Amino acid sequence: MDKLSMVDAFFHARGVHTMDGYHQQMPLEGEVRIPSGCAISGIIDRSGKRFSARDAITSISVMHDRSNGLGGGFAGYGIYPEYKDYTALHIFYYSSEAKRACEDFLEEHFDLINLSKIPTKKHPAITDVPLIWRYFVTALPTKLSFSQLDEDEYTARCVIRINREIEGAYVFSSGKDMGVFKAVGYPEDVGEFYMLDEYEGYSWTVHGRYPTNTPGWWGGSHPFSLLSYSVVHNGEISSYDANRRYIEMYGYACTLQTDTEVITYMIDYLHRRMGLTLEEVSHVLAAPFWSTIERKDEKERAEYTYLRNTFASMLITGPFSIILGFKNGLMALNDRLKLRSLVAAEKGSRVYLASEEAAIRVIEPNPDRLWYPSGGKAVIVTLDSVQEGEEHGYQLPVSAL
Amino acid sequence: MGINYLYPPFEIIRNQDRCITCRVCERQCANLVHHYDAEKGRMTADESLCVNCHRCVSLCPTRALKIVKTDHTFKENANWKTEVIEDIYRQAQTGGVLLASMGTPKDYPVYWDKMLINASQVTNPSIDPLREPMETRTYLGKKNSKIERDSEGRIITNTTGQLKMDIPIMFSAMSYGSISYNAHKSLAIAASELGTFYNTGEGGLHKDFYHYGKHTIVQVASGRFGVHPDYLNAGAAIEIKMGQGAKPGIGGHLPGSKIGEDISATRMIPLYADAISPAPHHDIYSIEDLRQLVYALKEATRYTKPIIVKVAAVHNISAIASGIARSGADIIAIDGFRGGTGAAPLRIRDNVGIPIELALASVDQRLRQEGIRGNVSLVVGGSIRSSSDVIKAIALGADAVYIATSALVALGCHLCRTCHSGKCNWGIATQNPELVKRLNPDVGSQHLVNLITAWNHEIKEMMGGMGINSIEALRGNRLMLRGIGLNETELKILGISHAGQ
Ligand code: SF4
Ligand code: SF4
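Residues numbered from 1 in each chain as written. Chains lettered and ligands numbered in written order. Predicted model: local features only at pLDDT ≥ 70, side-chain atom pairs only at ≥ 80, totals over all residues. Heavy atoms only, no water.

## What to know about the overall build of chain B
And then number 1: On a plain count of helices and strands, chain B comes out with 15 helices and 21 strands.
And then number 2: The C-alpha atoms of chain B give 24 Å as radius of gyration, which agrees with the globular expectation for 501 residues (23 Å, within 12%).
And then number 3: Seen along its three principal axes, the alpha-carbon backbone of chain B occupies a region of about 90 × 55 × 45 Å.
And then number 4: In chain B, the share of contacts with a sequence separation of at least 24, taken over all contacts with a separation of at least 6, comes to 69%.
And then number 5: Entry remark: accessible area of chain B is about 21600 Å², with carbon and sulfur atoms responsible for 52%.
And then number 6: Positive and negative charge centroids in chain B, built from 54 and 48 side chains respectively, lie 1 Å apart. (Helix = DSSP H or I, 4+ residues; strand = E, 2+ residues; numbered from the N terminus. Rg over C-alpha atoms; globule rule 2.2 N^0.38 Å. Contact = heavy atoms within 4.5 Å. Areas by Shrake-Rupley, 256 points an atom, 1.4 Å probe, with all protein chains shown as cover. Lys, Arg positive; Asp, Glu negative; His and termini not counted. Charge placed at Lys NZ, Arg CZ, Asp CG, Glu CD.)

Here you go:
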């Protein structure tokens with residue numbers, strides 16, 4: 001199929017010709033791959049104390065020029081305590097038929113505990129708004145047992161199916177006690193649009209997008225998310241097609257052709273499905289150079305070699321800095337050459353991660369420590385502890401800054 | 001002998017002013033082309049015997065010689081071309097199958113030359129190979145599909161059956177017999193120095209070469225020549241040869257005249273007996289039978305060595321490869337129809353099989369669709385001529401490539417395509433001791449090391465240009481390729497977009 005007919009087919013598949021209340025002239029994510037820059041930021045309170053997204057909004061607004069108004073979004077963890085045992089599905093619809101078809105599918109596969117429109121408020125910079133709905137669901141026990149899958153796998157497959165098969169419906173968040181909020185616009189405007197001040201969570205990540213020439217589509221904004229994993233990413237990975245063609249063997253459909261999507265799927269595969277620790281995941285995605293591996297002691301050398309060889313096609317090359325949100329924590333990871341900026345800081349129980357130091361200092365002018373994680377060395381923060389950090393990366397004495 | 005309708009294809013131009021009648025050309029030409037005419041006091045030549053191997057030209061101290069294509073011609077005819085007419089004359093005269101060597105010289109599309117490689121600009125930086133590590137190390141072999149841990153929770157790192165190579169290039173199978181002792185030795189030394197592998201072909205392993213075992217792939221072909229437990233255990237991997245790109249569906253034939261003492265001992269066959277390896281392995285008539293041989297070889301080597309299955313690129317190759325991937329093989333080697341050989345029936349060499357580029361693209365895609373790409377590594381050969389061919393092969397989905405013709409060219413082969421005559425003037429495809437001596441293995445291996453080192457530099461430069469610093473991230477990365485002048489079907493099979501898209 002040539003590019004033009006692909007675009008036509010994609011419009012058709014997305015129900016663009018029939019959608020009401022939403023019109024998109026430009027091709028969508030999926031037909032056009034747009035290399036992107038970006039800004040990222042993340043905050044977690046390790047004590048588990050919940051706080052609003054205000055700091056995240058302030059942090060990202062400092063990096064306004066790293067985005068271009070064609071995409072922004074947030075992921076908040078711990079935001080749905082009253083529904084924490086249920087999967088929160090956030091869904092964009094481009095037509096009422098899509099909504100009906102998707103809800104039929106949901107009825108068939110899940111118990112719907114609650115559903116509502118996601119509250120938004122009109123914002124002059126946010127236009128072409130699709131229908132945005134939220135469902136708290138749990139897998140139908142009979143269907144689940146019939147499927148012989150565990151609940152996560154069952155949910156993931158349903159999400160992938162909706163995104164692949166139901167025209168005009170796109171599930172952009174599918175975790176428990178967490179949610180993604182994203183749109184076409186600058187991230188600070190997106191925060192206002194979703195009224196994120198009114199939510200409270202123990203961790204927030206945020207993304208401002210700078211695709212160099214983009215259609216800008218709501219679903220293409222970041223964070224990209226599957227189950228409780230959410231990824232914000234700055235970079236354009238050169239290994240994209242190697243990674244995509246490999247991960248697609250395991251049931252993932254990279255329909256959006258964005259780097260972030262494929263990174264999210266690889267993390268889901270390695271962490272949830274293969275049972276690697278997040279640190280081990282980082283040794284796959286940003287594997288140390290062979291020369292570094294060779295310098296390790298025998299046991300470690302064997303482990304690193306094994307991971308790198310076994311999951312060779314999941315090595316990411318090219319620039320990336322990502323912040324992964326997961327249940328109870330955040331992980332930040334730079335590509336092994338550190339081709340994109342990433343800064344980490346800590347103050348009391350709070351840990352801050354951002355593309356730029358200014359984005360941290362604007363919300364925490366006096367961190368206890370601040371450091372630049374080395375390429376390929378993950379900073380993993382969970383509700384009770386910070387792993388690594390100190391030993392990895394270049395730490396500046398705070399007083400010198 | 002009746003009338004010979006054939007006019008010699010080449011003419012020997014000798015500049016009599018320069019010729020000093022040193023008679024080097026006479027001594028160097030195993031085809032007995034040059035003679036000294038004592039009466040006239042000058043050199044003459046019987047050009048009908050010349051194969052255009054350039055040996056005399058290269059060694060003539062005064063550059064008095066050149067070989068040119070004859071301009072003698074048939075009446076022009078786009079359908080009945082010279083070679084077609086001449087082949088008919090030949091067969092009408094002999095009643096025999098026409099033999100040829102090396103890869104097909106025909107003008108089929110070379111898809112490598114119709115693909116262009118990507119480079120980074122601005123949004124994703126190039127990586128400077130002079131400043132940053134650029135990794136070309138590859139492991140070949142089946143990848144584990146699940147993680148197992150010991151009681152302490154540490155990953156069990158069982159990686160038997162992997163071939164570690166520092167560069168994604170290996171020397172393809174060429175038997176001792178089809179090529180000379182010195183050619184083999186050159187390959188063995190070079191593979192060891194480069195951290196890669198050479199392949200015994202189906203001729204067994206000469207006793208002198210056992211100490212290169214860590215860098216040797218031992219081949220088991222239908223004839224089982226030279227196959228015994230020590231041989232199987234001597235190499236780093238075992239290759240079962242089912243087919244060969246230059247002559248798919250055809251076995252091998254080493255004429256008895258070439259089976260001297262060393263070769264007879266290495267192959268474990270009588271002196272001067274023809275060595276015929278049929279196309280079929282007479283214990284393999286199905287994919288299940290292949291599986292039994294794969295596991296028999298694994299048993300024989302206590303599951304320590306990867307098993308390669310080599311097939312020719314033919315129609316329906318992706319289904320064949322899928323079967324092999326499920327047979328327990330760790331590596332599939334696919335050989336395209338432009339691959340070389342010491343002797344092949346000409347019609348088969350020129351008409352049977354398919355280009356490796358298309359075979360590779362469709363096999364890689366099929367194995368991915370079936371979710372079994374991780375079960376095997378893919379190695380491709382069949383006319384890999386340069387580092388950019390290597391890059392393109394890996395981006396299409398290969399784990400590594402096999403080279404043979406390029407390696408022989410590095411040793412001095414001038415592609416005269418008469419290996420089957422046994423008179424290789426460059427000491428490569430010959431067993432004549434006088435000719436074998438012409439190839440010095442130390443010099444030969446150095447040329448091979450130089451060639452691959454140069455390619456490796458180029459590969460690193462191109463990878464850096466793409467913003468990729470590890471060969472793993474290039475594998476199957478088809479976004480890095482664009483077609484140029486290809487039709488839709490070709491683009492679809494190759495799985496790439498057209499330039500400009
Ligand atoms: S066969 Fe080779 S050596 Fe002999 S004349 Fe021809 S080019 Fe020269
Ligand atoms: S190996 Fe020798 S005989 Fe064969 S093509 Fe090369 S130069 Fe000619």
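Once you've had a look at it, read on.
## A short note on the pairing of strand β14 (residues 350-354) of chain A
Residue and element names in this part refer to chain A.
And then number 1: Here β14 lies mainly inside the structure; five of its five residues are buried.
And then number 2: A two-sided burial pattern is seen for β14, the buried positions comprising R350, Y352 and A354 on one face and V351 and L353 on the other.
And then number 3: The loop that links strand β13 (residues 343-347) with its antiparallel partner β14 comprises two residues; one of these, G348, has a positive phi angle of about 55°. (Buried < 20%, exposed > 50% of the residue type's maximum accessible area, 1.4 Å probe, protein only. Pairing = 2+ DSSP bridges.)

## Brief notes about the site of ligand 2
And then number 1: Near ligand 2 you find M102, C413, H414, L415, C416, R417, T418, C419, C424, W426 and A429 of chain B, and these make up its full shell.
And then number 2: Residue classes in the shell around ligand 2 are distributed as eight nonpolar, two polar and one charged. (Near = heavy atom within 4 Å. Nonpolar A, V, L, I, M, F, W, Y, C, P; charged D, E, K, R; others polar.)

## Some points on the UniProt feature "binding site: [4Fe-4S] cluster 1" (unreviewed entry) in chain B
Residue and element names in this part refer to chain B.
And then number 1: Sequence positions flagged by UniProt for "binding site: [4Fe-4S] cluster 1" (unreviewed entry) are, in local numbering, C19, C22, C25 and C60. Judged by maximum C-alpha separation, these annotated positions cover 42 residues in sequence but sit close together in space, the widest gap being only 10.4 Å.
And then number 2: Within the fold, C19 resides in the loop between β1 (10-14) and α1 (24-28).
And then number 3: On the basis of relative accessibility, which here comes to 19%, the residue C19 falls in the buried class.
And then number 4: Those residues in contact with C19 that sit more than four places away from it in its chain are R14, M43, T62 and A64. (UniProt positions renumbered as here; feature names shortened; annotations may be inferred.)

## Looking at the pairing of strand β16 (residues 379-382) of chain A
Where a strand is regular, its side chains alternate between the two sheet faces.
All names here are of chain A.
And then number 1: Side chains of β16 alternate between two faces, with V379 and V381 and I380 and T382 buried alike.
And then number 2: Alignment of strand β12 (residues 329-334) against β16, held across four bridges, turns out to be antiparallel. From the neighbouring strand, A332 faces β16, where its bridge partner is V379.

## Things to note about the confidence of the model for chain A
All names here are of chain A.
And then number 1: Across chain A, pLDDT averages 86, with 85% of residues at or above 70.
And then number 2: A low-confidence stretch, residues 1-25 stays under pLDDT 50, and its non-local contacts, those more than four residues away or across chains, total 51 contacts.
And then number 3: Contacts of residues 388-401 to residues separated by more than four positions or lying in other chains number 29 contacts, the stretch itself having pLDDT below 50. (pLDDT = per-residue confidence, 0-100.)

## Things to note about the nonpolar core
And then number 1: Ranked by size, the top nonpolar core spans 124 residues in total, and within it Y194, W218, L276 and F311 of chain A carry the most contacts.
And then number 2: Looking at this core, the element that brings in the most residues is helix α8 (residues 259-273) of chain A, giving seven residues.
And then number 3: Setting aside chain neighbours within four positions, we find Y194 of chain A in contact with F92, I118, P119, T120, I132, F172, F181, K182, A183, Y199 and W218 of chain A.
And then number 4: Core analysis: the next-biggest nonpolar cluster, separate from the first, contains 107 residues, M102, I169, A329 and L481 of chain B among them. (Core = buried A, V, L, I, M, F, W, Y, C linked by side-chain atoms within 4.5 Å.)

## Considerations on the packing of helix α3 (residues 96-109) of chain A against helix α5 (residues 151-165) of chain A
Residue and element names in this part refer to chain A.
And then number 1: As a packed pair, α3 and α5 sit with axes 11 Å apart at the nearest point and diverge in direction by 160°. With respect to α5, the element α3 is oriented roughly antiparallel. The crossing of α3 and α5 is right-handed. Seen from α3, the contacting residues are C102, F105, L106 and H109; seen from α5, they are Y154, C158, R161 and I162. (Axes fitted to C-alpha atoms, helices over the stretch in contact; angles between N-to-C directions. Parallel < 35°, antiparallel > 145°, perpendicular 65-115°, else oblique. Left-handed = near helix turned anticlockwise from the far one by under 90°.)

## Quick word on the UniProt feature "binding site: [4Fe-4S] cluster 2" (unreviewed entry) in chain B
Residues and elements named next belong to chain B.
And then number 1: Per the UniProt record, the feature "binding site: [4Fe-4S] cluster 2" (unreviewed entry) sits at C29, C50, C53 and C56. Spanning 28 residues, the named residues nonetheless gather at one spot, since no C-alpha pair among them exceeds 10.4 Å.
And then number 2: By the secondary structure assignment, C53 is in the loop between β3 (42-45) and α2 (55-59).
And then number 3: Residues contacting C53, with those up to four places away along its chain left out, are H414, C416, N425 and W426.
And then number 4: When you line up the elements, C56 lands in helix α2.

## Observations concerning the interface of chain A and chain B
And then number 1: Taken together, the contact pairs 44 residues of chain A with 48 residues of chain B.
And then number 2: Summing both partners gives a buried area of about 3800 Å² for chain A against chain B, and 53% of it is carried by carbon and sulfur.
And then number 3: A salt bridge links E135 of chain B to R336 of chain A, with the shortest nitrogen-to-oxygen separation between them at 3.0 Å.
And then number 4: In this structure, the connection of chain A to chain B is made through 24 residue pairs in polar contact (both at pLDDT 80 or more).
And then number 5: Sorting the residues of the side of chain A that touches chain B by element identifies α7 (240-247), α10 (290-294) and α11 (298-310) of chain A as the ones contributing at least two each.
And then number 6: With 10 residues, the top contributor of residues to the side of chain A that touches chain B is α11 of chain A.
And then number 7: Classifying every residue of the side of chain A that touches chain B gives 20 nonpolar, 11 polar and 13 charged. (Buried area = accessible area lost by both parts, 1.4 Å probe. Salt bridge = Lys/Arg side-chain N within 4 Å of Asp/Glu carboxyl O. Polar contact = N/O pair within 3.5 Å; in protein donor to acceptor, adjacent residues only side chain to side chain.)

## Some words on the site of ligand 1
And then number 1: Taken together, 13 residues lie around ligand 1, and C29, H34, C50, C53 and C56 of chain B are the ones closest in.
And then number 2: In the shell around ligand 1, the residues fall into seven nonpolar, five polar and one charged.

## Structural notes on a negative patch on the surface
And then number 1: Side chains of E279, D297, E298 and E300 of chain A sit close together on the surface and give a patch of like negative charge.
And then number 2: Topologically, E279 of chain A is positioned in helix α9 (residues 278-285). (Patch = residues over 30% accessible without salt bridge, like charges linked within 9 Å, V, L, I, M, F, W, Y side chains within 5 Å.)

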